[in-house]
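Fold and geometry: a report
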Amino acid sequence: MSVPPRNVSRRAVLAGLAALGSASLLPATAHATPVLRQAPDTVAGLIRNPEFGNGVMAGVPRTDGATLWTRVGGASGTGSVGSSSGSLGSSSGSLGSSSGSLGSSSGSLGSLGSSTGSLGSAGSSAAGGELALIVSTREDLSSPVLAERVQVREDADGTVHFDANGLTPGETYYYQFRGDGNESPVGRFRTLRPADSNEPVRIGWFTCQGYETGYYSAHRHLAAEDLDFVVCLGDYVYEFTGAGVRGLDTNPFPQNLEGMREKYRMYRTDSDLQLMHSQHAFIPIWDDHEFRNNYSQDGWTFPVIAPIDTALGFQQKKQWAWQSWFEHMPVPRFSDDPLRTYRSLRVGKTVELFAPDSRQYRDVQPDGDVDHTVSPHADAPGRTMLGATQKSWLINGLAQSDAQWKVIANASMMMGMVTQDDGARGYYDTWDGYGAERTEILSAAAQSVENLVLVTGDDHDGWAGELWDTGFAPGTLSGDQGNPPGTQRAGVEFVVPSVTSPNTGDGGATGSSSGGNIPGARAEEISRRAKNPHVKHVDMVSHGYGVLSCDQNEARMQFRSVDKSDPNAGVTTSKTVRTPTGQSVIEDV
């Protein structure tokens, strides 16, 4: 579908807004088209001439709404917001309840903003004040179903998080933020399907989008897909940089809150990324590169840029990284646990989506986190990736769900991956480094969960595999590592390729931005399938994204391939696989 027009005829807000010298508001469910048409073009008290350099987003959709997001400020720390034409202090009421305060109950986050000085110190131009927000079922924003004043938080980098409520399940909505003299692009999102819906569900997936290592043509094509929503499987931004088609990031390994915020501002200057966000509701999970590669609860294993990266403590910088993520993602906060990110969403009777956090609670990787080696402690009992509370939430939630498909948005590969003749596994930052907990989860799924699908990021290559209760199919090479063969099927896993970050065909994590080792990658594909009989598809060359379609009969994954080196690249479907209901097997289509 084409993008809605960027500038809709400005009719500020309902009569209640026009008359506002105070903070009074019309209810969010007000339907008052005639009053809207009579409202003056300029409403007193709104930010004057705001810039919306990072676009708009609708996040974590529900049957009755979503969290609507924007940022007032220039793209990537440039431009000027302008002054507010009225009071900066009045509040929209329901805004605070959805986004919460970063410091309200988490303690350590509350004072972080003051430690970095003025928000304008890096040219961010973030400002506080108020905007008008219009939500309508019509693309031209006429006959609005919601008109509100919303608060721009200067202490949160000029962002807005507004919890839109009272909407209709399964409906497409359009929205726009407006100031005095300028408005945001128009966004679009779909509320979740009603609880009794048996309709098919389509979900878009992407991961690992290093900015400088490629163009975001994949997002332009993802924007055009017919989807219920899009999920980011982590590594939305990268802390480090490498030479690529867009040069070098001049902000590697940021050391303070302002530098971490600038990562998101820079990535969101991309017009294709903005386009995707404007067209679909969005559910993000984080992985490691939003802060530091392979970090765990108490540190990271590599790389440590001494003495620069040890100038401030790990925990302090981790809190800044999390704060910048919450500021720049359209996610509601849990009032009783503001740092919690794991959640589930029910999409009719067809899908229940579980989105765990595999980074915040994890133990350090075993035996020094050395790739492609035998790790004596990889399967040691008691080691955790999820933490006890979240693990119980996931196991119980899967067992209790009566949705046709239980889908997990999974940051790191769950299936085992033997890479060496001695049975060594590839990467111990994945579930291969947390074998006992993996077996506990997959064994529970094998016993009591039907139709389990994991969709995974992180690896940069594309995969499809069958999940067994230990992570390894019968016949997997055991070797010195002692990889335990499974006895029961538990589900299937689809791993989507990176948008841009280097894959095996590019030469790996330190490879070039395009090409370089394709013959070697194809040979490695053959080797991996021989050592891992649960692997049914692998593509170590393509970049792109995935589309998962679920109905009452099957879950089907389409791997979309997009050339990251071409800003005008087209899209092809490089592979389609399916799993029939009740079987936990993968079939080619």
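Quick note: structure is the one above.
Presented here is a report on the structure given in the accompanying data block. (Residues numbered from 1 in each chain as written. Predicted model: local features only at pLDDT ≥ 70, side-chain atom pairs only at ≥ 80, totals over all residues. Heavy atoms only, no water.)

With that settled, consider the state of the cysteines. Enumeration over the complete set of coordinates arrives at zero disulfides. Cys 208 forms no disulfide, and the closest cysteine sulfur to it belongs to Cys 232, at a distance of 8.1 Å. Classification of Cys 208 by relative accessible area gives buried; the value is 0%. (Disulfide = S-S within 2.5 Å. Buried < 20%, exposed > 50% of the residue type's maximum accessible area, 1.4 Å probe, protein only.)

For the pair helix α4 (residues 217-224) and helix α6 (residues 271-279), interaxial distance at closest approach is 7 Å and the crossing angle is 20°. With respect to α6, the axis of α4 lies roughly parallel. As α4 packs across α6, the resulting crossing turns out to be left-handed. Of the residues in α6, those touching α4 at Ser 217, His 219, Arg 220, Leu 222 and Ala 223 are Asp 272, Leu 273, Leu 275, Met 276 and Gln 279. Here the contact of α4 with α6 is built from residues that sort into five nonpolar, three polar and two charged. (Axes fitted to C-alpha atoms, helices over the stretch in contact; angles between N-to-C directions. Helix = DSSP H or I, 4+ residues; strand = E, 2+ residues; numbered from the N terminus. Parallel < 35°, antiparallel > 145°, perpendicular 65-115°, else oblique. Left-handed = near helix turned anticlockwise from the far one by under 90°. Contact = heavy atoms within 4.5 Å. Nonpolar A, V, L, I, M, F, W, Y, C, P; charged D, E, K, R; others polar.)

This next bit is on the pattern of salt bridges. A side chain with one charge may pair with a side chain of the opposite charge, provided their charged atoms come close. In total, this model carries 37 salt bridges according to the counting rule given. Where Arg 149 meets Glu 130, a salt bridge forms, and the shortest distance between an N and an O atom there is 2.7 Å. Taken together, the residues span a long stretch of sequence, with Arg 149 in strand β4 (residues 146-152) and Glu 130 in strand β3 (residues 129-136) at a distance of 19 residues. Pair check on accessibility: Arg 149 and Glu 130 agree, each one buried. Arg 346 is the partner of Glu 352 in a salt bridge, and the nearest nitrogen-oxygen pair spans 3.9 Å. (Salt bridge = Lys/Arg side-chain N within 4 Å of Asp/Glu carboxyl O.)

Over its 14 residues, helix α9 (residues 435-448) extends 20 Å from the first C-alpha to the last, a length consistent with the 20 Å expected when each residue adds 1.5 Å. Along α9, the residues classified as buried are Gly 435, Glu 437, Arg 438, Ile 441, Leu 442, Ala 445 and Ala 446. On its buried face, α9 sits against α8 (388-400), β14 (452-456), β15 (462-468) and β16 (489-495). (Expected span 1.5 Å × (residues − 1).)

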